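# Structural overview
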Amino acid sequence: MNATAIRAGFSTSVQDLGRTGSREFGVSAGGALDPHALRVANLLVGNAESAAGLEVTFGGLRLRFADDRIVTWCGGDFEARIGSIVLPLGHPGLVHGGEDFSIESPAIGCRAWLAISGGIDAPIVLGSRSADLKSGFGGLDGRPLRDGEEFPLGKNSDHAATLIEKLQAPRVAPWKPPHNWSSTAVRDPSLRFIRGSDLNHRAPGVIDTFRTRSFFVSPDSDRMGVRLDGPRLERSYEIDLVSEAVAPGTVQVPPSGKPILLLNDCQTIGGYPKLAHVITVDLPIAAQLRPGDTVRFREVSLADAHRALNERERDLEQFRCGLESHFT
């Protein structure tokens, strides 16, 4: 069965949990900029966590389904509706065949991740259905969704079929995940980081500037990275570094002194000094940064970063177990 994009929105693309095992060939990880949000949304609609969904940037999306589907979205402060029924973030909702589902512009943040029961049945390229918008492959021919375009959906799972029956009358489930899992956009965000390997290439005191001053998000930002304006981060001396591995979360400092926080579509290697690395559990907050937003950085230890990630994974396992009662 198919879904139709009556209105595709500003930039909506097919994303799953990304490509693994291909970075040595120069292929970006890609995938949802907030993989945790997509995992949670998929679980709520009865999908496998790795199922492909839609990453919606700045809203404007209106979909119509050919048959009954369960949908859930997580992310910024958007307004979503099933017909005229409001669907709050994190709540599973039933969309009947022929009915419209819409997500409008956000008040805070800029992205939402929409899971549809059955998942999006885009072709698998290098182990992923994700669209690589820079290289032009994966997803729907490596590009954003277009107005009027149809795209294929997988079959509803047994779990989804159970929810479809349960939600015939209420239409929207009363239960949802923890608020900070479904709503990741915050005002005046602070991102935790650990020190990078090239700190010795910066002028004395540069790390203090980075962690005590505010930075502003530049309009020249995208899925590759968030460019930041603010205090200039000076080099201690001019030197060309040998290019080496970078990853989502790496904070590079080019000759301009204006840092770049890399996101999922970043290159696999780079030669700019690596000042810091934003910890994995805070990257969902970074994914919500929009031009003009202010952001600050707070240093933590590597042990703190590991602890935060392990706690989130433990909580997610408990969440999986708790969902089972809703699918019986």
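Source: prediction; values computed, not measured. (Residues numbered from 1 in each chain as written. Predicted model: local features only at pLDDT ≥ 70, side-chain atom pairs only at ≥ 80, totals over all residues. Heavy atoms only, no water.)

Turning our attention to the domain arrangement of the chain. Each domain of the chain was delimited in the assignment, giving domain 1 (2-185) and domain 2 (190-309). Together, the buried faces of domain 1 and domain 2 total about 1700 Å²; carbon and sulfur atoms form 48% of this surface. Sorting the residues of domain 1 by area buried against domain 2 places R23, L33 and K134 first, and these three jointly supply 34% of that buried surface. For the pair domain 1 and domain 2, the interface holds two salt bridges. We note a salt bridge from D222 to K134, for which the minimum N-O separation is 3.3 Å. The interface formed by domain 1 and domain 2 holds 13 residue pairs in polar contact (both at pLDDT 80 or more) in total. Taken together, the residues of the side of domain 1 that touches domain 2 sort by class into 12 nonpolar, nine polar and five charged. (Domains from an automatic or database assignment. Buried area = accessible area lost by both parts, 1.4 Å probe. Salt bridge = Lys/Arg side-chain N within 4 Å of Asp/Glu carboxyl O. Polar contact = N/O pair within 3.5 Å; in protein donor to acceptor, adjacent residues only side chain to side chain. Nonpolar A, V, L, I, M, F, W, Y, C, P; charged D, E, K, R; others polar.)

Further remarks concern the nonpolar core. Of all hydrophobic cores here, the largest spans 48 residues; its most connected members are L191, F210, L275, F297 and F319. Residues lining this core come from more than one domain, with at least three contributed by each of domain 1 (2-185) and domain 2 (190-309). Among all residues touching F210, those that are not within four sequence positions of it are F193, F215, L233, V251, L275, A276 and F297. Residues A3, A52, F78 and A112 belong to the second largest nonpolar core, which totals 30 residues. (Core = buried A, V, L, I, M, F, W, Y, C linked by side-chain atoms within 4.5 Å. Buried < 20%, exposed > 50% of the residue type's maximum accessible area, 1.4 Å probe, protein only. Contact = heavy atoms within 4.5 Å.)

Turning to the packing of helix α1 (residues 35-44) against helix α6 (residues 302-323), a few remarks are in order. Running from N to C, α1 and α6 point in directions that differ by 10°, and their axes come no closer than 11 Å. As summarised for this structure, α1 and α6 are arranged roughly parallel, according to the angle between their axes. Taken together, the residues of α6 that come into contact with α1 (itself represented by H36, R39, V40, L43 and L44) are R312, E313, L316, F319, R320 and L323. Class assignment for the residues of the contact of α1 with α6 results in six nonpolar, one polar and four charged. (Axes fitted to C-alpha atoms, helices over the stretch in contact; angles between N-to-C directions. Helix = DSSP H or I, 4+ residues; strand = E, 2+ residues; numbered from the N terminus. Parallel < 35°, antiparallel > 145°, perpendicular 65-115°, else oblique.)

To continue, consider the environment of G109. When you line up the elements, G109 lands in the loop between β9 (100-103) and β10 (111-116). Considering only alpha carbons, one finds G109 and T280, 171 residues apart in sequence, at a separation of 18 Å. Apart from the residues lying within four places of it in its own chain, the contact partners of G109 are A185, Q288 and R290.

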